[in-house]
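# Examination of the molecular architecture
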Amino acid sequence: MIGVKSLQQRSLNLTRLLSFSPGQAGRMEYSASASTAEQEIIYSKYGAVGVILLNRQKALNSINQSMVVSMHQKLKEWTIDGTKLVICKGSGAKAFCAGGDVVAIYNAGKPGQDNLMGEFFREEYILNHQIGTLKIPYVALIHGITMGGGVGISVHGKFRVATEKTMFAMPETAIGFLTDVGGSYFLPRLPGNLGLYLALTGDRLVGKDVKFAGVATHFVDAAQLPFLEKDLISLKNPDDASVADILSKFEKKSEVQKDVKFSMENKTDWIDNTFGGSSMEDIVKNLRDDSTEWSKQTLSTLAKMSPTSLKIVHRQIQLGKSKDLAECLKMELRVALRLLRQNDFYEGVRAKLVDKDNKPAWKPSRLEDIPDTEIDRYFAPFSDPKQELQL
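Residues numbered from 1 in each chain as written. Predicted model: local features only at pLDDT ≥ 70, side-chain atom pairs only at ≥ 80, totals over all residues. Heavy atoms only, no water.

### Considering the nonpolar core
Formed by 90 residues in total, the largest nonpolar core has its most connected members in Ile52, Met71, Ile153 and Phe177. With residues near it in sequence (within four places) discarded, Ile52 still touches Ile41, Ile42, Tyr43, Met71, Leu75, Trp78, Val86, Ile87, Cys88 and Lys89. Val51, Leu228, Leu232 and Val243 belong to the second largest nonpolar core, which has 19 residues in total. (Core = buried A, V, L, I, M, F, W, Y, C linked by side-chain atoms within 4.5 Å. Buried < 20%, exposed > 50% of the residue type's maximum accessible area, 1.4 Å probe, protein only. Contact = heavy atoms within 4.5 Å.)

Below is the structure:
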């Protein structure tokens, strides 16, 4: 039974949630108390609904290890305390979550050395799996930039709500890494070879394209997000069906991009054909044999990426087609920890995010200098079974 104090607190929380003007729609924030304003991640409870607010606006809500561990523990608590719905959102108008804090990982390690920040990826993948296997509805409001680690804490949930401001990307090949956080699971399950194309090129999906591609489950006008949250929080006994009904209701009355079609609709056959090669070298050959301007642009894009990452990502997407989420995350950890001991990750982060000269010195610098046996090594099980991801 809910006591008077609990009812009063719920009323206060709802008052905080709804205390905004129409002009603030899509930018509204709230917290459990004023003293939590500087916390990196804020949790609120409204009856049986738990709300997670990523609160690093200056860092575009990128997640670090302490946030990952905190979120994992909170979800564990909520699965046993009667919580029936989880909503996850980002603070501010720019980003849901721009990814993991790779600069911190860069600063913590050097190529050829054991990197303690490898534990970040271990904890992150455990969280990804936890979200993917939650028994209660999980709604990610992916408004704004949603990349890398931000995809990992959204795409595995049952519901992902995009807006006209959503920008999705998996840009890891540009920094010498793999398409992780379960990318080897969800990307092969997008239509045709679209997932492989997005993983290799780092190309972006914007607005309603995120829904058309299958990354988001619903599309809602950004201005309606606070009202959507209100209705979700007001559910007396939330479950998959009632949450889906509310999301569908808001999607049907969306006006922004109402008549927009998938921007890549005319390119799907091209993507399926050119990216259907059995190897990275085959894909490059297909692009060179094609005379279209888009093929030339795509070749130029791929030429900027780490050749090692390209071959690894191609392999992981192929392998992920027949694996479940847990198997994919275990595979990704093997690759991630080995990449942390190599040159390209550090060189990619340096060139893209630290020095920002956009001139990475990849080693090796050509696809043809990387034998398949070298790629095999990244995917091999650890010699010590204790190193494997425990889920």
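### Overview of the pattern of salt bridges
By the definition in use, this model includes 22 salt bridges. Linking Glu388 and Arg334 is a salt bridge whose minimum nitrogen-to-oxygen distance equals 2.9 Å. Of this pair, Glu388 sits in the segment after helix H17 (372-379) while Arg334 sits in helix H15 (residues 325-339), and the two are 54 residues apart along the sequence. Pair check on accessibility: Glu388 and Arg334 agree, each one buried. A salt bridge links Glu374 to Arg377; the nearest nitrogen and oxygen atoms lie 3.1 Å apart. Taken together, the residues Glu374 and Arg377, both in helix H17 and three residues apart, mark about one turn of the helix. You can call Glu374 partly exposed: its relative accessible area is 29%. Residues joined by salt bridges that share partners form a network here, namely Glu347, Arg350, Asp355 and Asp357. (Salt bridge = Lys/Arg side-chain N within 4 Å of Asp/Glu carboxyl O. Helix = DSSP H or I, 4+ residues; strand = E, 2+ residues; numbered from the N terminus.)

### Digging into the packing of aromatic side chains
Inspection of every chain in the model, using the stated rule, returns twelve aromatic pairs. Judged by centre distance (5.3 Å) and plane angle (90°), the rings of Tyr197 and Phe275 are edge-to-face. With Tyr197 in helix H7 (residues 194-201) and Phe275 in the loop between helix H11 (268-274) and helix H12 (280-289), this residue pair connects regions lying 78 residues apart in the sequence. Considered together, Tyr197 and Phe275 belong to a single accessibility category, that of buried residues. Between the aromatic rings of Phe212 and Phe262, the centroid separation amounts to 5.9 Å while the plane-to-plane angle is 45°, which identifies the pairing as tilted. Within this pair, whereas Phe212 is found in helix H8 (residues 209-212), its partner Phe262 is found in the loop between helix H10 (240-252) and H11, the two being separated by 50 residues in sequence. Phe212 sits in the partly exposed class, given a relative accessible area of 34%. Taking relative accessible area as the criterion, Phe262 reaches 15% and is therefore assigned buried. Taken together, the aromatic side chains of Tyr106, Phe120, Phe121, Tyr125, Phe177, Phe345 and Tyr346 make up a single cluster linked through ring pairs. In this structure, Lys74 is placed above the aromatic ring of Tyr43, and the distance from its NZ or CZ to the ring centre is 5.1 Å. Note that Arg377 overlies the ring of Tyr378, its terminal NZ or CZ placed 4.8 Å from the centroid. (Phe/Tyr/Trp six-rings, centres within 6.5 Å; stacked < 30°, edge-to-face > 60°. Lys NZ or Arg CZ within 6 Å of the ring centre and 35° of its normal.)

### Considerations on the confidence of the model for the protein
The share of residues in the protein with pLDDT of 70 or more is 89%, and the mean pLDDT across the chain is 90. Confidence drops under pLDDT 50 across residues 1-37; counting only partners more than four residues distant or on other chains, this segment forms 57 contacts. (pLDDT = per-residue confidence, 0-100.)

### Notes on helix H14 (residues 307-320)
Taking 1.5 Å of rise per residue, the 14 residues of H14 would be expected to cover 20 Å, and the 20 Å separating its terminal C-alpha atoms lies within 8% of that figure. Burial of H14 is extensive: eleven of the 14 residues sit out of reach of the surface. Within the span of H14, buried status applies to Pro307, Thr308, Ser309, Leu310, Lys311, Ile312, Val313, His314, Gln316, Ile317 and Gly320. (Expected span 1.5 Å × (residues − 1).)

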